[in-house]
Amino acid sequence: DVPAHMNSVAFSPDGAVAVAYLDYEQGTDIEIDGAVDLTEVLFVPLGGGETRAVSIGFSPRNILFTPDNQRAVIMSRSEVVVVSLDTFEIVTTYPLVLDQDQEVNPQDAVLTPDGRYALVSVEGSSELYKLDLQSPNIDIEDLDSPPSDLVVSVDDNSVVIVYAGLNRVDILDLDVFELREPIALDDPMNGVLLSAG
């Protein structure tokens, strides 16, 4: 059984676990029966076993899974939460603000090919958060404009970044975590698609 207000689902790469959650951007037809905890996501082991509700923060935006199928990385308002897929316990929480009165909304997130780092952009900010999932800490890369889309190139071990406010593509080299020489475009872009190779 999954609560009716949970209108979205994400699957781990091996298909062993589903995560149900409420995505506010999916529309307003949300059915709520009685009192509910809107900060919860529901982990469902698809091979059998108990489901587990985990409180991860308000308004989950995106759920990523590490390549080894060991952890789920969940973006929510002003924080990122890492949950073990073995125990469904919270492993680490990364606050994206220093002041509790501040609010930021994660916009996009990607994992590096080795699964060690999560790179998170937030709405209206040119800061790109680099979350170390192995030795928990946060670094921030200052970009020249708020990024509109991020895509990981596994073959090149890099992240391709485009902007709605800049006529260029940036490539973040993941070997050294530095930006390469930008590629000029005729127009700004709000999305990027990576082809094979």
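Residues numbered from 1 in each chain as written. Predicted model: local features only at pLDDT ≥ 70, side-chain atom pairs only at ≥ 80, totals over all residues. Heavy atoms only, no water.

Student: Whenever I open this one, the overall build of the protein chain confuses me. Can you help?
Tutor: Helix and strand counts for the protein chain stand at 0 helices and 17 strands. Each of the three principal axes of the protein chain carries a C-alpha extent, and together these read 50 × 35 × 35 Å. The burial tally for the protein chain puts 46% of its 197 residues in the buried class. Considering only contacts in the protein chain between residues 6 or more positions apart, those separated by 24 or more positions represent 37%. Accessible surface, the protein chain: about 10300 Å² in total, of which carbon and sulfur atoms supply 45%. Positive and negative charge centroids in the protein chain, built from 8 and 36 side chains respectively, lie 5 Å apart. (Helix = DSSP H or I, 4+ residues; strand = E, 2+ residues; numbered from the N terminus. Buried < 20%, exposed > 50% of the residue type's maximum accessible area, 1.4 Å probe, protein only. Contact = heavy atoms within 4.5 Å. Areas by Shrake-Rupley, 256 points an atom, 1.4 Å probe, with all protein chains shown as cover. Lys, Arg positive; Asp, Glu negative; His and termini not counted. Charge placed at Lys NZ, Arg CZ, Asp CG, Glu CD.)

Student: Explanation requested: the pairing of strand β13 (residues 147-153) in the structure shown.
Tutor: Two faces belong to every sheet, and in a regular strand the side chains alternate between them. Counting buried positions along β13 yields 7 of 7 residues, so the element is predominantly enclosed. Between β13 and strand β14 (residues 158-163), which follow one another and run antiparallel, lie 4 residues, and N157 among them has a positive phi close to 50 degrees. (Pairing = 2+ DSSP bridges.)

Student: Explanation requested: the sheet that holds strand β1 (residues 8-11) in the structure shown.
Tutor: Two modes of strand pairing occur in sheets, parallel and antiparallel, and in both the strands are linked by backbone hydrogen bonds. Taking strand neighbours across the sheet as the criterion, the 4 strands line up as β1-β2-β3-β4 in an open arrangement whose pairing is antiparallel. Here the strands that pair on one side only, and so sit at the sheet edges, are β1 and β4 (52-55). Across the sheet, the axes of successive neighbouring strands diverge by a mean angle of 25 degrees, strand direction being ignored. Note: strand β3 (residues 40-45) against β4, 4 bridges, orientation antiparallel. (Axes fitted to C-alpha atoms, helices over the stretch in contact; angles between N-to-C directions.)

Student: Would you take a moment to explain the sheet that holds strand β9 (residues 106-111) for this structure?
Tutor: Taken together, 4 strands build an open sheet; the order of strands is β9-β10-β11-β12 and the sheet is antiparallel. Looking along the sheet, the strands with just one partner apiece sit at the ends: β9 and β12 (137-142). Across the sheet, the axes of successive neighbouring strands diverge by a mean angle of 25 degrees, strand direction being ignored. Relative to strand β10 (residues 117-122), β9 is paired through 5 bridges, and the arrangement is antiparallel. Residue pairing in the sheet places D108 in a bridge with S121 of β10.

Student: It is not clear to me how the side chain of S12 should be interpreted in this structure. Could you clarify?
Tutor: One can find S12 in the loop between β1 and β2 (17-21). Polar side-chain contacts of S12 include one of 2.7 Å to the side chain of D14. In this structure, S12 is in contact with V17, F65, N69 and L85, ignoring residues within four places of it in sequence. (Polar contact = N/O pair within 3.5 Å; in protein donor to acceptor, adjacent residues only side chain to side chain.)

Student: Any chance you could explain the environment of S195 here in plain terms?
Tutor: By the secondary structure assignment, S195 is in the segment after β17 (183-184). Residue S195 is classed as exposed on the basis of its relative accessible area, which comes to 57%. In the structure, S195 is positioned 42 residues away from S153 in sequence and 9.2 Å away in space, judged by C-alpha atoms.

Student: Whenever I open this one, a nonpolar patch on the surface confuses me. Can you help?
Tutor: A cluster of nonpolar side chains, V9, F11 and L46, forms an exposed patch at the surface whose accessible area comes to about 290 Å². One can find F11 in strand β1. (Patch = residues over 30% accessible without salt bridge, like charges linked within 9 Å, V, L, I, M, F, W, Y side chains within 5 Å. Salt bridge = Lys/Arg side-chain N within 4 Å of Asp/Glu carboxyl O.)

Student: Any chance you could explain the nonpolar core here in plain terms?
Tutor: Across soluble globular proteins, you tend to see nonpolar side chains buried next to one another. With 17 residues, the main nonpolar core has V73, M75, V80, V120, L131 and L133 as its most contacted residues. At the level of secondary structure, the elements contributing two or more residues to this core comprise β6 (71-76), β7 (79-84), β9, β10 and β11 (127-132). In terms of residue count, β10 provides more of this core than any other element does, 3 residues in total. The contacts of V80, once residues within four sequence positions are left out, are V73, I74, M75, T92, T93, Y94, L96, V120 and L131. Core analysis: the next-biggest nonpolar cluster, separate from the first, contains 16 residues, A10, I63, I74 and V81 among them. (Core = buried A, V, L, I, M, F, W, Y, C linked by side-chain atoms within 4.5 Å.)

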